[in-house]
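Structural characterization, general
The lines below spell out each chain.
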Amino acid sequence: MAEQSFNIPVAKPWMDDREVAAASRPILSGWVTQGPEVAAFEREFAELVGAPHACAVANCTVALHLALLAVGTRPGDEIITVSHSFIATANSVRYCQATPVFVDIQPYTYNMDPLRIERVITPKTRAILCVHQMGMPCDMASILEVARRHSLPVIEDAACATGSELRWQGAWEKIGKPHGDIACFSFHPRKVVTTGDGGMLTTAHPEWDKQFRMWRQHTMSVPDTVRHGAREVIFESYPALGYNYRMTDIQAAVGREQLKRLPEIIARRREVAQRYREGLATIPGLSLPHEPEWARSNWQSFCVRLPDQCDQRQVMQDMLDAGVATRRGIMCAHREPAYQQEPWSCGKGPGNCNCPSGTCAELAESEQAQDKGLLLPLYTQITTEEQDYVIARLAQACARAGAS
Ligand SMILES: *Cc1c(COP(=O)(O)O)cnc(C)c1O
């Protein structure tokens, strides 16, 4: 085994005394959920991304569930999305008893290929659910062009994309403005800003925003804030089925602190990504992620593509032995047992895919990206020495794989 001179994780949240102080505010105030911190976090997030409305929820998975419900997703509907994503994307479709229809990705942005959307649209299609994978903005202009032509709503899975930007009609705009109809964000520790767990929905539709606020609180007709301040007795009612998808004020207070750091976080992540770009350019056969000229990624993850002769597991093990944690390419939902046995569809149409279990010819780019992708350590506090060590180790692991 190689000497372990470093111990480099793949990701690390950036939090310190400022978040501790923020969390203590609601704790000492006695109001710890659905109170003033949540309201302020929503306002500040909306302002940051330029969205008319922002509604905080427990995590991004439930945000996606509510977004799908808002656009009217019913059992048996089809939602066009990607398999190449964290399983939460496809799972949210199944919470509605709808069928995820998977389209393939573009190989170097790792995002939905807009050219593949139209041919999977059927009378049952309810919406398009695109993913800004690893923080790289989707080709929203092309996706929206198809969607508008077929009068389909677009939901953006922006779990990884807080702070990412898209050039839109000549100006740089934040993901979440929203460009589609609803955007859903995650504040899990693996994303660029964190509240432990947490999520946010942004939209330009006031009636949907109102609906999200009802659903997250079991559709309770009178918010806690109103009952608390009332001089008269008020009885609440529950007009429809709802959920407990609330965010706490402790989380929101931490989130507000994290948002203040966002410009610094993004600047640093882009700097780290640039150093990888320069340092990795000389490794033969290694491919780097593509940032289109109309996109500015927050580099939630930096995914390289290993040379053909490199065994992914071996490279990852070599790196781990040297003290460097990596992850393989983003998973594909259709290859998981939870999907192999359940309804999903690919470009061949619902139920018509005869590919062997765990593979699908229609989703070849997605599978390649999972099997040849390698996510490198990237976080605000990574040092230049650590990063150069990662680059050197990867060069060595690839050279070893090429020689064997
Ligand atoms: C992390 C992630 C989610 C789920 O977010 P949670 O907040 O953990 O529920 C959904 N979609 C994508 C693309 C993600 O990366």
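Everything quoted here is computed from the prediction, not taken from an experiment.

Criteria and cut-off values
- Residues numbered from 1 in each chain as written.
- Predicted model: local features only at pLDDT ≥ 70, side-chain atom pairs only at ≥ 80, totals over all residues.
- Heavy atoms only, no water.
- Patch = residues over 30% accessible without salt bridge, like charges linked within 9 Å, V, L, I, M, F, W, Y side chains within 5 Å.
- Areas by Shrake-Rupley, 256 points an atom, 1.4 Å probe, with all protein chains shown as cover.
- Salt bridge = Lys/Arg side-chain N within 4 Å of Asp/Glu carboxyl O.
- Helix = DSSP H or I, 4+ residues; strand = E, 2+ residues; numbered from the N terminus.
- Buried < 20%, exposed > 50% of the residue type's maximum accessible area, 1.4 Å probe, protein only.
- Contact = heavy atoms within 4.5 Å.
- Pairing = 2+ DSSP bridges.
- Domains from an automatic or database assignment.
- Buried area = accessible area lost by both parts, 1.4 Å probe.
- Phe/Tyr/Trp six-rings, centres within 6.5 Å; stacked < 30°, edge-to-face > 60°.
- Lys NZ or Arg CZ within 6 Å of the ring centre and 35° of its normal.

**So, a nonpolar patch on the surface**
On the surface, I27, L28 and V32 cluster together to form a nonpolar patch covering roughly 310 Å² of accessible area. You can see L28 is positioned in helix 1 (residues 17–29).

**What about the pattern of salt bridges?**
All told, the structure shown has 26 salt bridges when counted by the stated rule. Ionic pairing is found between R126 and D77, a salt bridge with its closest N-O pair at 2.9 Å. Separated by 49 residues along the polypeptide, R126 in strand 4 (residues 125–131) and D77 in the loop between helix 3 (60–70) and strand 2 (78–82) bring together distant segments of the chain. Looking at R126, the relative accessible area reads 27%, which means it is partly exposed. Salt bridges sharing common partners tie together D16, R18, E19 and R261.

**Details of the side chain of Q370**
Assignment of secondary structure puts Q370 in helix 11 (residues 364–372). Look at Q370 and you get buried, because its relative accessible area is 3%. What Q370 contacts, discounting residues up to four positions off in sequence, is H84, Q312, R328, G329, I330, M331, C332 and R335.

**Looking at the sheet that holds strand 7 (residues 171–174)**
Within a sheet, adjacent strands bond to each other through the backbone by hydrogen bonds, running parallel or antiparallel. Overall, antiparallel pairing links the three strands, which are arranged 7-6-10 in an open sheet. Strands with a single pairing partner mark the edges of an open sheet, and in this sheet they are strand 7 and strand 10 (295–296). Of the pairings in the sheet, the one linking strand 6 (residues 165–168) to strand 10 comprises two bridges and is antiparallel in character. Looking at the pairing, L166 lines up with A295 of strand 10.

**Section: the domain arrangement of the protein**
What the domain assignment reports for the protein is domain 1 (17–262 + 332–340) and domain 2 (263–331 + 356–403). When each unit is reduced to the centre of its C-alpha atoms, the spacing between domain 1 and domain 2 is 27 Å. Roughly 3700 Å² is buried in total at the junction of domain 1 and domain 2, and carbon and sulfur atoms are behind 54% of that figure. Interface area lost by domain 1 to domain 2 is led by Y108, M134 and R335, which between them contribute 19%. At the boundary of domain 1 and domain 2, one finds five salt bridges. If you list the elements that add at least two residues to the side of domain 1 that touches domain 2, you get strand 3 (99–103), strand 6 and helix 8 (249–280).

**Focus on the packing of aromatic side chains**
Scanning all chains against the criterion turns up ten aromatic pairs. Relative to F187, the ring of F45 lies with its centre 5.7 Å away and its plane at 75°, an arrangement referred to as edge-to-face. A residue pair is termed long-range when its members are at least 10 positions apart, and F45 in helix 2 (residues 36–49) and F187 in the loop between strand 8 (182–186) and strand 9 (199–203) qualify at 142 residues. Judged by relative accessible area, F187 falls into the buried class, the value being 1%. Members of the aromatic cluster, connected to one another through ring pairs, are F41, F45, F185 and F187. Across the ring face of Y339, the terminal group of R94 is positioned such that the distance to the ring centre comes to 4.6 Å. Stacked on the ring of W172, the Lys or Arg R296 has its end atom at 4.0 Å from the ring centre.

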